Amino acid sequence: MVAVVGVAAAAAGVFSVGLTWVYWRIVLASAVRRVPARMIRQPAPAPASRPAATSMSTAELCVAWRRSYLELQNAEGEAARHDVVVRRQEYLDELENRNRDGFARWLASGARAGGDPQRYLTADG
């Protein structure tokens, strides 16, 4: 490298690479420190007061989905919103697992965050 670009340019290149490495080490280390622990861990199991999505009927899941929209609107604080979002994801996953075609029809129809997917998930829907 020295023969091609000269001593000063080679030294500048090595210095730039080293400086970039140090910068990214600092940036990445600070980013890891800022990630809340709850974002790294697996979601906690459902509390006893809330049934698991897998144990609910499809009709109950649809009602829970609609209610969770209101809960999300009224949630105060990041932790509360995160809990509701995780629950809503569980509801969607379970609805899709039970009836992929109906779930796809609901999404294709322009599904809304507070909408009721039940008519798409029934046998004749």
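What about helix 5 (residues 78-98)?
Move 1: Here helix 5 contains 21 residues, and its C-alpha end-to-end distance of 30 Å stays within 8% of the 30 Å for a straight helix at 1.5 Å per residue.
Move 2: Packing partners of the buried residues in helix 5 comprise helix 4 (58-74), helix 6 (100-108) and helix 7 (118-121).

Remarks on the nonpolar core
Move 1: Counting 13 residues, the largest nonpolar core has L61, Y91, L95, F103 and W106 as the members making the most contacts within it.
Move 2: Counting residues per element, this core draws most heavily on helix 4, at four residues.
Move 3: Apart from the residues within four sequence positions on either side, L61 is in contact with A53, M56, Y91, E94, L95 and R98.

Quick notes on the packing of aromatic side chains
Move 1: For the coordinates displayed, the defined rule picks out two aromatic pairs.
Move 2: Each ring, one from W65 and one from W106, has its centre 5.9 Å from the other, and the planes form 90°; the classification is edge-to-face. Of this pair, W65 sits in helix 4 while W106 sits in helix 6, and the two are 41 residues apart along the sequence. Each of the two residues, W65 as well as W106, counts as buried.
Move 3: Among the aromatic side chains, those forming a connected cluster through ring pairs are W65, F103 and W106.
Move 4: Looking at R88, its charged tip hangs above the ring of W65, at a distance of 3.6 Å from the centre.

Notes on the packing of helix 5 against helix 6
Move 1: Where helix 5 contacts helix 6, the two axes come as close as 5 Å, and the packing angle between them is 125°. Relative to helix 6, the element helix 5 is oriented oblique. In this structure, helix 5 uses L92, L95, E96, N97 and R98 to contact helix 6, whose residues at the interface are R100, F103 and W106.
Move 2: Tallied by class, residues from the contact of helix 5 with helix 6 come to four nonpolar, one polar and three charged.

Looking at the packing of helix 4 against helix 5
Move 1: Contact pair helix 4 / helix 5: the axes reach a minimum separation of 10 Å and the direction vectors enclose 155°. When the interaxial angle is binned, helix 4 and helix 5 end up roughly antiparallel. The chirality of how helix 4 crosses helix 5 is left-handed. Residues T58, L61, C62, A64, W65, S68, Y69, E71 and L72 of helix 4 form the contact with helix 5, whose participating residues are R81, V84, V85, R87, R88, Y91, L92, E94, L95 and R98.

Thresholds, definitions, all that
- Residues numbered from 1 in each chain as written.
- Predicted model: local features only at pLDDT ≥ 70, side-chain atom pairs only at ≥ 80, totals over all residues.
- Heavy atoms only, no water.
- Helix = DSSP H or I, 4+ residues; strand = E, 2+ residues; numbered from the N terminus.
- Expected span 1.5 Å × (residues − 1).
- Contact = heavy atoms within 4.5 Å.
- Core = buried A, V, L, I, M, F, W, Y, C linked by side-chain atoms within 4.5 Å.
- Buried < 20%, exposed > 50% of the residue type's maximum accessible area, 1.4 Å probe, protein only.
- Phe/Tyr/Trp six-rings, centres within 6.5 Å; stacked < 30°, edge-to-face > 60°.
- Lys NZ or Arg CZ within 6 Å of the ring centre and 35° of its normal.
- Axes fitted to C-alpha atoms, helices over the stretch in contact; angles between N-to-C directions.
- Parallel < 35°, antiparallel > 145°, perpendicular 65-115°, else oblique.
- Nonpolar A, V, L, I, M, F, W, Y, C, P; charged D, E, K, R; others polar.
- Left-handed = near helix turned anticlockwise from the far one by under 90°.

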